[in-house]
Protein chains: 2
Amino acid sequence: MANIDIKFIAKKSGCSIATVSRVINRSKPVSEKLQKRVVDTIRKYNYNPSVHAQYLAGKKSKLFGFIMTNYINQYQLLLFRYLNEFACKMGYGCIIRYCNSGFEEKLEALRELEIRGIEVCFSLFLPSREEEAYIKEHFRIKVCHMQSPEMRLNIMEKNESSVYETICYLAQLGHRRIGGIFCIDEMDDSFLIARKRGFLRAVKQMQLDQEESLIGQIHGDYEKSSLISVIEKIFVPQKLPTALFCFSDEVAIEVMSWIMKHGYRIPEDVSVVSFDGIPFSERITPSLSTISQPVEYQAKSIINGMLYLQDGVERPCDEKENEYLLQIRDSVGIPGHYEK
Amino acid sequence: MANIDIKFIAKKSGCSIATVSRVINRSKPVSEKLQKRVVDTIRKYNYNPSVHAQYLAGKKSKLFGFIMTNYINQYQLLLFRYLNEFACKMGYGCIIRYCNSGFEEKLEALRELEIRGIEVCFSLFLPSREEEAYIKEHFRIKVCHMQSPEMRLNIMEKNESSVYETICYLAQLGHRRIGGIFCIDEMDDSFLIARKRGFLRAVKQMQLDQEESLIGQIHGDYEKSSLISVIEKIFVPQKLPTALFCFSDEVAIEVMSWIMKHGYRIPEDVSVVSFDGIPFSERITPSLSTISQPVEYQAKSIINGMLYLQDGVERPCDEKENEYLLQIRDSVGIPGHYEK
DNA sequence: TTGTATGCGTTATCAG
DNA sequence: CTGATAACGCATACAA
């Protein structure tokens, strides 16, 4: 059987390839009769135009690139799942590339994407100002990320304020001594740092204990041992915190297993709250209280941003859905409210 | 500035585009001098041939497709990271598509991949015989999966035997009452089922307690509540098992948090062992004993299989690396060996 | 060893 | 409204 291409369809429909093309792209009017005939044969032979030929003939690539960090967490995974879903819905394919954090390696990844004719890519890495400038100078491909203005995620403010409110809530429950585990980021001004800012602001505002020993910091790709030293720094026997905030659910889960293994009860002795709202957070026992991110909104908003970078058309998102929701579950309780 | 295409490079190198093409593809000998000149200008202008044009001119697509289940776990994520790495090393890009388990949706995903000129794709879903036949009949794209013979993973046997050996090991430690949580699969003969077979064989062989209440089954996309009923079925107060096997690390982590929350100690009261060897398994407290899969080998072997499907060239893998290793960590102990 | 010319499947321009 | 045809960037058969 012959290859099913535009020529084949044209012959079977008794018209020229130009007409078939017009039917496919709705680029120029075609008489109803002919239109129907063409559509029918396309259906009949299950014809699909070759994207490669389309691209060569001047069309855009319909392919988005995604650069993933090697230290991916479940939140990022979930985000990507939605990104994939929305990209598909808009007719775009997703080409993915894992990458270590070295700048050279990121450039290599960009090069690969560029070769494949991709024009817009999303990176889970937050680039520094210099990196961003370098890329703009040397690449045709447009790179965006969580903090790019086109994404309209308002992510810094949302992170700061949701943590602030969470800590205030704990204070209102009666917690006066709240520990916090945060992420050190290479970027001066990332949304991860914003979480710490929100925490500190609430501590000050609510006049909670401000001891330095209540705060721990670890890197994004921390070792288990360094997390444990942070926990041990915070959990000093005579002066335990009654609550603990962790910058991510995964860290919280590690911490909770440590706490329970060491004979403390959650939430009777310590309440735990974290950030992200990954599905796993409600599966463990006790279920983890967490600030759940609007992943679906974020994904939609990012894809809209990428489409904008691709074709210049703005697609507004409903800002109201951009809500960070504190999910109170079993890991949070009232201090001093249980028998010893 | 003109577009940097093969014509541009040809002009700058003072030769024809045919020669440039030959240098790029090493398809025919080119004199050393000319070769060098061409290579230099390619470098100088950072020229990259258009994959679309190459494809159109008869070359293969250099793109692999991957169909991911929506209920992805960390093991699958890790596997995909390595798949991505090895595919990149071989000059292939990875286009990814998440998908629910409905057959229609899988077909839609395949269609999308096929349109993009992809010839080989890997699916995390295990297709039934009928599904496989249907796809072969209706699609040009070749679909492979964990149990495809071309992948040479020997996965059924490896799963069965590694679980068998693990349970024997526990028996030798003195465990006589071992619980097991397994996955119900729609496929009659999947590697997930093989894990249960290995368990049952060992129980029989070592003459361990065979009560039906020691065994629980859940679906791949189980709810938390159904896991908890399974746990409660196994953890009957007067006749606790001294050890528990879980078919995946993620299930084990959920189970462990339940166990600790309910006042049992790990491993003093119950030992826990599971399957996969995801990084998170050693991060929790106590660290989780698990049968770690040779993810890196598997990924390499899968990519080799996909390359074989693409170009017919066999690339042998070192079978010795296909080893499932029981990692004994803190979650395993000797029964009756601790003070109450 | 090198160059010329054709074709790959599509879109877009220009005539009819 | 429709059809012929020139691009698009590359590989390759054929000619030199």
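Computed from a prediction, not measured in an experiment: that's the story for all the values here. (Residues numbered from 1 in each chain as written. Chains lettered and ligands numbered in written order. Predicted model: local features only at pLDDT ≥ 70, side-chain atom pairs only at ≥ 80, totals over all residues. Heavy atoms only, no water.)

Participant: Sorry, what's going on with the sheet that holds strand 10 (residues 325–327) of chain A here?
Facilitator: Across a sheet, strands are paired by hydrogen bonds formed along the backbone, either parallel or antiparallel in direction. Residue and element names in this part refer to chain A. Read across the sheet, 6 strands follow the order 6-5-7-8-9-10 without closing on themselves; strand pairing throughout is mixed. With one partner strand each, in any of the chains shown, strand 6 (215–219) and strand 10 form the two edges of the open sheet. For this sheet the average axis-to-axis angle between neighbouring strands, irrespective of direction, equals 20°. Summarising the sheet, strand 5 (residues 178–184) and strand 6 pair through 5 bridges and their orientation is parallel. By the bridge assignment for strand 6, Cys183 is matched with Ile218. Contacts between helix 8 (residues 155–173) and the sheet are confined to strand 5, strand 7 (243–246), strand 8 (271–276), strand 9 (289–292) and strand 10, with strand 8 contributing the most and set at about 165° to the helix. (Pairing = 2+ DSSP bridges. Helix = DSSP H or I, 4+ residues; strand = E, 2+ residues; numbered from the N terminus. Axes fitted to C-alpha atoms, helices over the stretch in contact; angles between N-to-C directions. Contact = heavy atoms within 4.5 Å.)

Participant: Explain the packing of helix 2 (residues 17–25) of chain B against helix 3 (residues 32–44) of chain B here, please?
Facilitator: Packed helices, taken two at a time, are described by the angle between their axes plus the distance between the axes. All names here are of chain B. Between helix 2 and helix 3, the shortest axis-to-axis distance is 10 Å and the interhelical angle comes to 85°. Between helix 2 and helix 3, the angle is such that the two are roughly perpendicular. Facing Thr19, Val20, Val23 and Ile24 of helix 2, the residues of helix 3 in contact are Leu34, Gln35, Val38, Val39 and Ile42. Looking at side-chain class alone, the contact of helix 2 with helix 3 contains 7 nonpolar, 2 polar and no charged residues. (Parallel < 35°, antiparallel > 145°, perpendicular 65-115°, else oblique. Nonpolar A, V, L, I, M, F, W, Y, C, P; charged D, E, K, R; others polar.)

Participant: I would appreciate a short explanation of the nonpolar core in the present structure.
Facilitator: Buried together is how nonpolar side chains tend to be arranged in soluble globular proteins. Of all hydrophobic cores here, the largest spans 171 residues; its most connected members are Phe66 and Ile181 of chain A together with Phe66 and Ile181 of chain B. Beyond its immediate sequence surroundings of up to four residues, Ile181 of chain B is in contact with Gly216, Ile218, Leu227, Val230, Ile234, Leu244, Phe245, Cys246, Phe247, Val251 and Val255 of chain B. Listed in part, the 28 residues of the second largest apolar core include Leu63, Leu113 and Phe125 of chain A together with Ile118 of chain B. (Core = buried A, V, L, I, M, F, W, Y, C linked by side-chain atoms within 4.5 Å. Buried < 20%, exposed > 50% of the residue type's maximum accessible area, 1.4 Å probe, protein only.)

Participant: What is the right way to read the relation of the copies chain A and chain B from this model?
Facilitator: When chain A is fitted to chain B, the best match, at an RMSD of 0.2 Å, comes from turning it 180° and sliding it 0.1 Å along the axis. Such values leave the two copies arranged in the relation of a two-fold axis. When the interface residues of chain A are mapped onto chain B, 100% of them are again interface residues, pointing to one common binding face. (Least-squares fit on C-alpha atoms with pLDDT ≥ 70 in both.)

Participant: Which parts of the structure should I look at to understand the protein's contact with DNA strand C?
Facilitator: In the vicinity of DNA strand C, 29 residues are found, and the nearest of them are Ile6, Ser21 and Tyr47 of chain A together with Arg22 and Ser31 of chain B. For DNA strand C, the backbone makes up 66% of the atoms found within 4 Å of the protein, where backbone means sugar plus phosphate. Note that a phosphate oxygen of DNA strand C is positioned 2.7 Å from one of the side-chain N or O atoms of Ser21 of chain A. In the model, a phosphate oxygen of DNA strand C is placed 3.0 Å from a nitrogen or oxygen of the Gln54 of chain A side chain. Looking at the surface near DNA strand C, the elements that each hand over two or more residues are helix 2 (17–25) and helix 4 (51–56) of chain A together with helix 2 of chain B. In terms of residues, the surface near DNA strand C owes the most to one element, helix 2 of chain A, which gives 5 residues. Looking at the surface near DNA strand C residue by residue, the class counts come to 15 nonpolar, 9 polar and 5 charged. (Near = heavy atom within 4 Å. Polar contact = N/O pair within 3.5 Å; in protein donor to acceptor, adjacent residues only side chain to side chain.)

Participant: Explain the protein's contact with DNA strand D here, please?
Facilitator: What surrounds DNA strand D is a group of 27 residues, the closest being Thr19, Arg22 and Ser31 of chain A together with Ile6 and Tyr47 of chain B. One of the side-chain nitrogen or oxygen atoms of Thr19 of chain A is found 2.7 Å away from a phosphate oxygen of DNA strand D. Here Ile6 of chain B contributes a backbone N or O atom positioned 2.4 Å from a phosphate oxygen of DNA strand D. Residue assignment for the surface near DNA strand D shows that the elements contributing at least two residues are helix 2 of chain A together with helix 2 and helix 4 (51–56) of chain B. Ranked by residue count, the leading element in the surface near DNA strand D is helix 2 of chain B, at 4 residues. Grouping the constituent residues of the surface near DNA strand D by class yields 15 nonpolar, 8 polar and 4 charged.

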